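Residue strings, one per chain:
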Amino acid sequence: MANTSSNSTSAARRSTLYRLVDTPPTDDGLREALAEYYAENEDFTVESTQVDGAPAVAIWGIVGRKDQADWCSTFKSLTGKDAKVSNASAAGAILVGVPGGPYAVTYGMGHLLIDPSKIDPGFGLSFSIRAVESDLIRQITRNILDSRARVDRSTVPGGQSIRGFGIEHYGEVVSRLAGTLGSVSMTFNRAKPKKVGIAAADSLKIPLGVKPVDLVSDLKEITKVSQTASPVPELGFIDQIRALKSTNKQVSKLEDKLAHALGAGSGEPLALTLPAECEEHEHAANSYRIKIASDRYEVIDELDISAVLDRLAPLSVADRMDALRSGYIQMCSDNEGREKVSRQVKAQKWLAFEASLDSDHYFHHQGRWFEVGDNYLQFLRERLDEVFARPASIPLPKWNSSWKEEEDYNLEAVKLIPGAVCLDRKRIHTKLHPYGIEACDIIGPGNELIHVKRASSSAPLSHLFAQGWTSIDALRSDRQARDKLRERIMQRSSTHPYDPKAKPKKLIYGIAIKRDATVSRSNLFTFSQVALMRAINALENADVDVEVVPIPQ
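Residues numbered from 1 in each chain as written. Predicted model: local features only at pLDDT ≥ 70, side-chain atom pairs only at ≥ 80, totals over all residues. Heavy atoms only, no water.

**Student:** Looking at this structure, I do not really get the overall build of the protein chain. What am I missing?
**Tutor:** The helix and strand inventory of the protein chain stands at 13 helices and 24 strands. Expressed as lengths along the three principal axes of its C-alpha atoms, the size of the protein chain is roughly 85 × 55 × 55 Å. The proportion of buried residues among the 553 residues of the protein chain is 52%. Counting only contacts in the protein chain whose residues sit at least 6 apart along the sequence, the fraction spanning at least 24 positions is 67%. Accessible surface, the protein chain as shown: approximately 25600 Å² in total, 47% of it carbon and sulfur. Considering the protein chain, the positive charge centre built from 70 side chains and the negative charge centre built from 72 side chains are found 5 Å apart. (Helix = DSSP H or I, 4+ residues; strand = E, 2+ residues; numbered from the N terminus. Buried < 20%, exposed > 50% of the residue type's maximum accessible area, 1.4 Å probe, protein only. Contact = heavy atoms within 4.5 Å. Areas by Shrake-Rupley, 256 points an atom, 1.4 Å probe, with all protein chains shown as cover. Lys, Arg positive; Asp, Glu negative; His and termini not counted. Charge placed at Lys NZ, Arg CZ, Asp CG, Glu CD.)

**Student:** Would you explain the confidence of the model for the protein chain in this entry?
**Tutor:** Low pLDDT means the predicted coordinates in that region are not meant to be read closely. A residue-level look at the protein chain finds 94% of positions with pLDDT of 70 or above and a mean pLDDT of 86. In this model residues 1-8 is a low-confidence stretch, pLDDT under 50, and it forms 17 contacts with partners more than four residues away in sequence or in other chains. (pLDDT = per-residue confidence, 0-100.)

**Student:** Looking at this structure, how should I read the pattern of salt bridges?
**Tutor:** Close approach of charged atoms allows side chains with opposite charge to pair. Scanning the model with the defined rule gives 23 salt bridges in all. Linking Arg-325 and Asp-322 is a salt bridge whose minimum nitrogen-to-oxygen distance equals 3.2 Å. Linking Arg-325 with Asp-322, this pair stays in helix α8 (residues 317-326), spanning three residues, or about one helical turn. A relative accessible area of 31% places Arg-325 in the partly exposed class. (Salt bridge = Lys/Arg side-chain N within 4 Å of Asp/Glu carboxyl O.)

**Student:** Even after reading the chapter, I still don't get the sheet that holds strand β24 (residues 545-550), so can you show me in this structure?
**Tutor:** Consider a sheet: its strands pair through backbone hydrogen bonds, and that pairing is either parallel or antiparallel. Spatially, five strands are ordered β20-β21-β22-β23-β24 in an open sheet, and the strand pairing comes out mixed. Unpaired on one side and paired on the other, β20 (421-422) and β24 mark the two borders of the sheet. Pairing of strand β21 (residues 442-443) with strand β22 (residues 449-455), which is carried by two bridges, proceeds in the antiparallel orientation. The partner of Ile-443 across the bridge, within β22, is Leu-449. (Pairing = 2+ DSSP bridges.)

**Student:** Even after reading the chapter, I still don't get the packing of aromatic side chains, so can you show me in this structure?
**Tutor:** According to the stated counting rule, one finds 11 aromatic pairs in the structure shown. Counting every residue linked through ring pairs, the aromatic cluster contains Phe-363, Phe-370, Phe-525 and Phe-527. (Phe/Tyr/Trp six-rings, centres within 6.5 Å; stacked < 30°, edge-to-face > 60°.)

**Student:** Where do I start with the sheet that holds strand β14 (residues 298-300) in this structure?
**Tutor:** Strand order in the open sheet made by the four strands is β14-β13-β15-β16, with antiparallel pairing throughout. Looking at which strands have only one partner, the edges of the open sheet turn out to be β14 and β16 (345-346). Strands in contact with helix α7 (residues 305-312) are β13 (287-291), β14 and β15 (328-332); relative to β14, the strand with the most contacts, it is inclined by about 150 degrees. (Axes fitted to C-alpha atoms, helices over the stretch in contact; angles between N-to-C directions.)

**Student:** So what exactly am I meant to see when it comes to the nonpolar core here?
**Tutor:** Ranked by internal contacts, the top residues of the largest apolar core, which has 51 residues, are Ile-443, Leu-461, Phe-465, Leu-485, Tyr-509, Ile-511 and Leu-532. Elements with a minimum of two residues in this core: β19 (368-372), α9 (374-388), β22, α11 (461-477), α12 (479-492), β23 (506-513), α13 (526-541) and β24. Counting residues per element, this core draws most heavily on α13, at eight residues. With sequence-adjacent residues up to four places away left out, Leu-532 is seen in contact with Leu-384, Phe-388, Phe-465, Tyr-509, Leu-524 and Val-548. If you look at the next biggest cluster of nonpolar residues, it comprises 40 residues, including Ile-137, Ile-198, Leu-204 and Ile-222. (Core = buried A, V, L, I, M, F, W, Y, C linked by side-chain atoms within 4.5 Å.)

**Student:** When you look at the packing of α11 against α12 in this model, what are you seeing that I'm missing?
**Tutor:** Contact geometry for α11 and α12: axes closest at 5 Å, N-to-C directions at 105 degrees. Considering the angle they form, α11 stands roughly perpendicular to α12. In contact with Ala-474, Leu-475, Arg-476 and Ser-477 of α11, α12 contributes Arg-479, Ala-481, Arg-482 and Leu-485. (Parallel < 35°, antiparallel > 145°, perpendicular 65-115°, else oblique.)

**Student:** Please explain a nonpolar patch on the surface as it appears in this structure.
**Tutor:** Nonpolar side chains collect at one region of the surface, where Trp-71, Phe-75 and Val-85 lie side by side and expose about 270 Å² of accessible area between them. Look at Phe-75 and you get partly exposed, because its relative accessible area is 35%. (Patch = residues over 30% accessible without salt bridge, like charges linked within 9 Å, V, L, I, M, F, W, Y side chains within 5 Å.)

**Student:** Whenever I open this one, the environment of Lys-84 confuses me. Can you help?
**Tutor:** Its location among the elements puts Lys-84 in the loop between α3 (72-79) and β4 (89-96). By relative accessible area, which is 65% here, Lys-84 ends up exposed. Sequence spacing of Lys-84 and Ser-493 is 409 residues, and the spatial spacing of their C-alpha atoms is 77 Å.

**Student:** Is there a simple way to explain α12 in this structure?
**Tutor:** Each α-helix winds once per 3.6 residues, and so residues spaced three or four apart point in a common direction. Look at α12: 21 Å from first C-alpha to last across 14 residues, which is about the 20 Å you get at 1.5 Å a residue. Within α12, the full set of buried residues consists of Ala-481, Arg-482, Leu-485, Arg-488 and Ile-489. One side of α12 carries all its buried residues, which in axial view fall inside an arc of 115 degrees. Contact partners of the buried residues in α12: β20, β21 and α11. Of the residues that open α12, the one with a side-chain oxygen 3.0 Å from the backbone nitrogen of Gln-480 is Asp-478. (Expected span 1.5 Å × (residues − 1). Arc of directions from axis to C-beta. Polar contact = N/O pair within 3.5 Å; in protein donor to acceptor, adjacent residues only side chain to side chain.)

**Student:** Even after reading the chapter, I still don't get the pairing of strand β18 (residues 360-365), so can you show me in this structure?
**Tutor:** Two faces belong to every sheet, and in a regular strand the side chains alternate between them. Counting buried positions over the six residues of β18 gives five, a clear majority of the element. Two strands pair when backbone bridges link them, and strand β17 (residues 351-357) and β18 are joined in this way by five bridges, in the antiparallel orientation. Note that in β18 the partner of Glu-354 across the bridge is Phe-363. Hairpin geometry of β17 and β18 is characterised by an intervening segment of two residues between the two adjacent antiparallel strands and by a positive phi of about 55 degrees at Asp-358. As defined by bridge partners, β18 adjoins β19 across five bridges and the pair is classed as antiparallel. Pairing of His-365 across the sheet is with Arg-368, part of β19. Linking two consecutive strands that pair antiparallel, namely β18 and β19, is a turn of two residues; a positive phi of about 55 degrees is found at Gln-366 within it.

**Student:** Explanation requested: the environment of Ser-528 in the structure shown.
**Tutor:** By secondary structure assignment, the location of Ser-528 is in helix α13. Each C-alpha atom of the pair Ser-528 and Lys-349 lies 15 Å from the other, and the pair is 179 residues apart in sequence.

**Student:** Could you clarify how one ought to interpret the packing of helix α4 (residues 123-131) against helix α5 (residues 212-228) in this entry?
**Tutor:** At a minimum axis distance of 9 Å, the contact between α4 and α5 shows a crossing angle of 80 degrees. With respect to α5, the element α4 is oriented roughly perpendicular. Across from Phe-123, Phe-127, Arg-130 and Ala-131 in α4, the residues of α5 making contact are Ile-222, Val-225 and Ser-226. Taken together, the residues of the contact of α4 with α5 sort by class into five nonpolar, one polar and one charged. (Nonpolar A, V, L, I, M, F, W, Y, C, P; charged D, E, K, R; others polar.)

Printed below as a string of structure tokens:
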């Protein structure tokens, strides 16, 4: 990598760059983009200036200046020594009103000086996927959808192709990328070609010119790349789905839409879904403690969307989101709500919602907001339409309205599928899966694993899709799981030809949605579509055939 140190003779210095939103490129506008606490702090200097003719505001000072460090009293308590030392960190930022910006260049702890609501989310990533060399990616940080807030960071110091990180294009949100900058015309490589590393998230860590004319030239080049260049083909998916930070200006607008939808009978795309952290306890839940818009919890034996809406609808629209954030739902194994099997999970994590805003599409899932690009949605829809169009190798019978439980359906279905065995509620416990897995609801005559779900909406189906992959993964990698599955089958049938030496080759999702005569891709929530596509890709990569069979009603 090129040496871009802070030596005063260097043409460029590694800096952290932000792009600002809702910020006019004027002196007043740039000052409004400063964090109020520091802009009005007497320990900080704020001055108007210019950078190569462009309006600019400079701010600098010391962050954390105190008489002594916070740990000094504990240090004295433990040792008797009065260590009078303090912490202090320098911070500086230059806000520049150039076309395509404004931009903020920060130094030291300078990022604290910028109002978070003015930071353009994903700016660094948007630039990097258009400018890095795709075979020299050094680090990827990604969030896994439908997991327990799992964040995965993979590092290859020498760099490698994006394909080497094993990223699943569906259901994984890249939040940070570090790699080698490709061909751009900037100060650091103007004299001769150089390779430099950049790191990108909302910000962009990159060498920038140290002279005014060079800095403005670099900012113009970054603007040109961001606005006109196409993403590197292997990296284009990163721009298609992203998590929104709470400071994103769209979040407050989306939450306002959600608050209105929480009125009873709103007719909005709103549903109850199972938080990821509760999935392993679903089979044990016989009642629920619910505390929303109340000083006390209540115990209910059936949980559906009305349980939430009935408690929120009487509130004013302005109060509903606060009640949702402060309320909780908790699973219990007994009917009286005394035996808790899950922790108290914030009520907002139980809701799924979709909304359009300014022609963009968003969904709320597991308490977070996600933006989904048009290209992503189009490809996702086309791929799933093809999956739904596949003929069923085992047609599943119609759901009789007299069957209240999934087990009722499964017991009746096996009577109509020669050689099939019902295994509903027969969990398998192994050393690798002490909490147990549901291998399937029905095992077909050719060892097909059939997972059946009748949901009140498409929102809970993401759990079904994940469950299917979990069962396949366990049965393919754990001989004990296959032996336990054979024991479960033999308890119901002595003639089924299941062989624990053989790994499963086909999985069938049987789906019904209450109030819908049949199921198609079009009546699945977006995040359920993402979860299904993620499961299909994982299963097909493991050489498992997948079918999605709508159950008629």
